[in-house]
There are 2 protein chains.
Amino acid sequence: MSNERFALGIDYGTESGRVVVIRVRNGEEIASAVIPYLDGVIDERLPQGPRLGPDWALQNPQDYLRVIEKGVPKALKAAGVKGPDVIGIGTDFTASTPLPTTRDGTPLCFLAEYRKRPHAWVKLWKHHAAQPEANQINEVGRERNEDFIQAYGGKYSSEWFFSKVLQVLNEDPEIYDAAERFIEGADWIVWQLTGEEKRNTCTAGYKGMWIRGKGFPSDEFFRTLHPRLEDVIDTKVGMDFYPLGQKAGGLTAFWARKTGLREGTPVSIGNVDAHVAVPACTVTQPGTLVMIMGTSICHMVLGEVRQAVEGMCGTVEDGIVPGRWGFEAGQSAVGDIFAWFFAHGVPDYIHREARKLKVPFAAALEKRAAALKPGESGLLALDWWNGNRSVLVDVDLTGVLLGFTLATKAGEIYRALIEATAFGTRTIIEAFESKGVEVKTLVACGGLPEKNQLLMQIFADVTGREIKLAEQLQTCSALGAAMHGAVAAGRAGGGYDTIGEAAKHMAHVQKLTYRPKAQNHAVYNQLFREYHTLHDYFGRGGNDVMKRLKALRRQIVEQQ
Amino acid sequence: MSNERFALGIDYGTESGRVVVIRVRNGEEIASAVIPYLDGVIDERLPQGPRLGPDWALQNPQDYLRVIEKGVPKALKAAGVKGPDVIGIGTDFTASTPLPTTRDGTPLCFLAEYRKRPHAWVKLWKHHAAQPEANQINEVGRERNEDFIQAYGGKYSSEWFFSKVLQVLNEDPEIYDAAERFIEGADWIVWQLTGEEKRNTCTAGYKGMWIRGKGFPSDEFFRTLHPRLEDVIDTKVGMDFYPLGQKAGGLTAFWARKTGLREGTPVSIGNVDAHVAVPACTVTQPGTLVMIMGTSICHMVLGEVRQAVEGMCGTVEDGIVPGRWGFEAGQSAVGDIFAWFFAHGVPDYIHREARKLKVPFAAALEKRAAALKPGESGLLALDWWNGNRSVLVDVDLTGVLLGFTLATKAGEIYRALIEATAFGTRTIIEAFESKGVEVKTLVACGGLPEKNQLLMQIFADVTGREIKLAEQLQTCSALGAAMHGAVAAGRAGGGYDTIGEAAKHMAHVQKLTYRPKAQNHAVYNQLFREYHTLHDYFGRGGNDVMKRLKALRRQIVEQQ
């Protein structure tokens, strides 16, 4: 292996971190190591500390460091690769996952005086307790017609950076004062590896209101939110952001010693798990939509120019690939809907059939669903079990099933649910194309495509587009991180000069693709028109029954 | 028992006949005998005969005779009652259940030459193969603005008399020719018992286009349907109809010998199972709605004057009780929806819970549903699993569930289904009251009220009305038949002169009643408004998606 060069990808997920060793020449994954976070998702009480409120979700940054300390040596060993043969390191992170630190990057929760204060810890992306702050941000943003409102498709989320920062200030101003920095985990981990506080354009753009060439909203905006927030950018965030693929710095001596890697090994600017997957799916040019399909779906596509597309999670220049506008949309529940149905909607006869066929019950269900033709069930669903992210951006919408008869069977309902999620994706594609952002083909990665052939065929039939699968379906974020590591090294360092070049060599799609069947597509065009009518009726104010039912429900539950 | 007098009720159901022995003085049921039909519902092939088409449902009249031959002696014996102590006999029948006979009442299917001809047999109420004929009848009826169209709430059903007669003529004209009579089973059985062909006003009015004082539509109407139908009334049906409660004749010597009853025992004019239940529920005056609650619900109420109420199954003078207008409405699936959910929607955890609690799974489900408050589930359903009978009269409507989240549980869905059926009943009540037909309280009978306290409380809460239960919940048609037997005997014969008098003594309600809870009613008023909006949107042309999905489904299935 002496002539071979390798890149490391470190992928920070919700429950664990994954380190992969990738061959730079062809993107082959040589080995990987998964290190679970010891404290996992902290959503009930702090370790040896107080109970948390509902909707809280924290993490311990110590767990992030442990992924490097344990995971890198383990992966290298499994790969039979020596540290000096690693030419670059890339990372990717969940987002928005900010933490408060001191000026030198020490997390406040590492300090004895703050470790029992919940606001001193990392707020994980799925911390949902900052909704009042998000509401206020949207109100003020809309009143002042701030640019970020449009970039985010009309709404700033409670999951994002400033909602969480404002919650710290509202609920624990002492922690807010003590925080000399608020920083995304994506940037904090790069700071740890290199000693350089260099923040990335991706989280800044998608989660942090930052717009290239314009920077942040004015101090006046922040002052309107809260008088003490006025100088948050100057004092705790900064104005410098670095585009993806750049080298943030070299690996510190400390971490070189801990891991066996060479001191000074180039480390890439931080990145986000979903966004880094795009080049790992071979996509560095406009025209191809990447779908990261799991419990939810992230839809990512590149465009030549800025466009205000309805319901975007974000529209960011250089946000995915340098030199392009990166558009991100999403469906808030996909795999989650199927998991819900598996838990709550599968009757006895499916379980009996599965036992008879000696297969998991999900397979028995899929067999029945697959035996149906489009339109045969007579059912139609709206896939809003967890609200609607794109294009309606409305968490108060709920799911619908329509078309029941006394002959309706479980396999039919399952198929209708799959079809509804595909209609949701088609709605997003049509929103893109209505604004001139082309979507010619699709590439999928994530956990769902591997498990579910029927689902993939239905997505192809409904969208009328070929769907390719990333070769590394489930680890394409880690591959994308390693690709950025190779770019940080540059050609001179044994890597590549651009992410496009890296993708050409390191990213691949499988031979298996899903092509739309013309006959099915024709029927789905009819069904999609029906979906679209219901979508607009319930989603655009034709009948706000879902919101009223949710409000009534809240009121009833609160009375108890 | 020498001074006691008894009446017999013979109740002809779909699968069996029931004979009850009732004490005339107080309506007490002394004993009963259930005789299953040997040929049951004939829906696949004739006994030793050809296969039947889809949607066919026939019966063998021999089974009706066997109920008398076997059931009467068995019930008398069980009651310890001697034949001569029976002062009167009443019957009730499913409807419309017509058969072709010779002039002397012999069913054509009893004749060797016709027994292999499906059209020679009894067409059971749920024979659904005459839809083309029903469509033609409605078309012609509407063009000519015939009175029956309004009496039937805008639509004549494929289940009814002339749809079935026209199907015979269209498909087997030889049988049509051979039929010297077409007669309802309700009237045929009375003919057998008494030797008198005396037809009743109830089936004639509710199923046969007959209107008191006006008779049938003109010969021209029938000629427009089919040239050979022109003289169907004159030659095969007749113009004489007798009001309910009258004596049709005395029991023949033949049947007296077979049963041990006295020759000449008064036999009442025939009646229909649902309609005869009304006085058995104590109702002989306007203001109280009777609900016969089972797989479906029949709603019956009396009025002072004729009113065109939307979506009636029928509006007939003297149709339920002499001297009143009888209004009949219905929901085409109620218990059937719950049975569907039990078969297709109950997940594993409910079965596990039931095993743990050592109760049937339906009880575990009801326990969860009962623990919820109105509005707590956030769900809303349209109860159209089998179309909508009243008030929309549209078989192509389908069921809806709306409000799903990832937290939705099976108990919540079950409760939403119950609530939807209650909203369906409230819609019918509001249709009555909007036309001045008062509904102050409700009386329920049938199989559902006994099994399901939660359902009854929800019906009371949703309708905002007290619901009483008939004492003989499951056998109130048979009691009603016996009451008519007592009226046929008259006071002089040891019975009563009017059905009102009979009801006063023989019919009772239980002490248990369901009273609406004000707080629940208030929430259900809100939910009912939402139901009403969806009802009109999907049911009155706002969005005909259900019909288009059904049409698409038919097209797909036919291509296979």
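Anything mentioned here points back to the structure above.
### Here we look at the interface of chain A and chain B
Counting residues at the interface gives 54 residues for chain A and 54 residues for chain B. For the chain A and chain B pair, buried surface summed over both sides reaches about 4600 Å², with 61% attributable to carbon and sulfur atoms. If you sort the residues of chain A by the area they bury against chain B, A:His344, A:Phe404 and A:Leu406 come out on top, with a joint share of 15%. At the junction of chain A with chain B, the criterion picks out 2 salt bridges. Counting across the chain A and chain B interface gives 17 residue pairs in polar contact (both at pLDDT 80 or more). Elements that contribute at least two residues to the side of chain A that touches chain B include exactly α12 (335-344), α13 (348-357), β18 (399-404), α15 (410-434), α20 (518-539) and α21 (545-559) of chain A. Broken down by element, the residue count for the side of chain A that touches chain B peaks at 9 residues, all from α21(A). Partitioned by chemical class, the residues of the side of chain A that touches chain B number 28 nonpolar, 16 polar and 10 charged. In this structure, β18(A) lies alongside strand β18 (residues 399-404) of chain B, joined through 5 bridges in antiparallel fashion. Bridge pairing links A:Leu402 to B:Val400 in β18(B).

### Quick notes on the packing of aromatic side chains
Residue and element names in this part refer to chain A. Tallied over the entire structure, the rule returns 66 aromatic pairs over all chains. When the ring of Trp210 is compared with that of Phe241, the centres are 5.2 Å apart and the planes differ by 45 degrees; the resulting orientation is tilted. Highlighted residues: Trp210 in the loop between α7 (201-207) and α8 (219-225) and Phe241 in strand β10 (residues 241-242), separated in sequence by 31 residues. Each member of the pair, Trp210 together with Phe241, is buried. By way of ring pairs, the aromatic residues Phe148, Tyr152, Tyr156, Trp160, Phe161, Phe162, Trp210, Phe216, Phe221, Phe222 and Phe241 are connected into one cluster.

### Notes on the relation of the copies chain A and chain B
You can overlay chain A on chain B at an RMSD of 0.1 Å; the transform is a turn of 180 degrees with a shift of 0.2 Å along its axis. Interpreted geometrically, this transformation is the action of a two-fold axis. The residues that chain A uses at the interface reappear at the interface of chain B in 100% of cases, marking a shared surface.

### A short note on the pairing of strand β6 (residues 98-101) of chain A
Residues and elements named next belong to chain A. Along β6, one buried face is formed by Pro98 and Pro100 and the opposite face, lined by Leu99 and Thr101, is buried too. Relative to strand β8 (residues 181-184), β6 runs antiparallel, the two sharing 4 bridges. Counted as the bridge partner of Thr101 is Arg181 from β8.

### Details of the sheet that holds strand β15 (residues 314-317) of chain B
Residues and elements named next belong to chain B. Sheet architecture is open: 7 strands sit in the order β15-β16-β14-β13-β19-β20-β21, paired in mixed fashion. Each edge of the open sheet is held by one strand with a lone partner, namely β15 and β21 (509-514). Each neighbouring strand pair of the sheet contributes to a mean axis angle of 25 degrees, computed without reference to strand direction.

### Considerations on the pairing of strand β14 (residues 297-303) of chain B
Residues and elements named next belong to chain B. Of all 7 residues in β14, 7 are buried; the element is thus mostly enclosed. Going residue by residue along β14, you find Ile297, His299, Val301 and Gly303 tucked away on one face and Cys298, Met300 and Leu302 tucked away on the opposite face as well. Where strand β13 (residues 287-293) and β14 come together, 4 bridges link them in antiparallel fashion. Within β14, the residue paired with Met293 across the bridge is Ile297. In textbook terms, the turn of a hairpin is the stretch between consecutive antiparallel strands, and for β13 and β14 this stretch comprises 3 residues. Bridge analysis of β14 against strand β16 (residues 325-331) gives 7 bridges, and the strand direction is antiparallel. In the strand pairing of β16, Met300 is matched with Glu328.

### Quick word on the nonpolar core
A:Phe432, A:Phe538, B:Phe432 and B:Phe538 are the most contacted members of the largest nonpolar core, which totals 238 residues. Beyond its immediate chain neighbours, meaning those up to four positions away, B:Phe538 contacts A:Leu402, A:Leu534, A:Phe538, B:Leu382, B:Trp384, B:Leu397, B:Asn543, B:Asp544, B:Val545 and B:Met546.

### Some words on the environment of B:Lys409
With respect to the helices, strands and loops of the structure, B:Lys409 is situated in the loop between β18 and α15 (410-434). In sequence terms B:Lys409 and B:Thr194 are 215 residues apart; their C-alpha atoms lie 58 Å from each other. The contacts of B:Lys409, once residues within four sequence positions are left out, are A:His344, B:Tyr349 and B:Arg368.

Analysis parameters
- Residues numbered from 1 in each chain as written.
- Chains lettered and ligands numbered in written order.
- Predicted model: local features only at pLDDT ≥ 70, side-chain atom pairs only at ≥ 80, totals over all residues.
- Heavy atoms only, no water.
- Contact = heavy atoms within 4.5 Å.
- Buried area = accessible area lost by both parts, 1.4 Å probe.
- Salt bridge = Lys/Arg side-chain N within 4 Å of Asp/Glu carboxyl O.
- Polar contact = N/O pair within 3.5 Å; in protein donor to acceptor, adjacent residues only side chain to side chain.
- Helix = DSSP H or I, 4+ residues; strand = E, 2+ residues; numbered from the N terminus.
- Nonpolar A, V, L, I, M, F, W, Y, C, P; charged D, E, K, R; others polar.
- Pairing = 2+ DSSP bridges.
- Phe/Tyr/Trp six-rings, centres within 6.5 Å; stacked < 30°, edge-to-face > 60°.
- Buried < 20%, exposed > 50% of the residue type's maximum accessible area, 1.4 Å probe, protein only.
- Least-squares fit on C-alpha atoms with pLDDT ≥ 70 in both.
- Axes fitted to C-alpha atoms, helices over the stretch in contact; angles between N-to-C directions.
- Core = buried A, V, L, I, M, F, W, Y, C linked by side-chain atoms within 4.5 Å.

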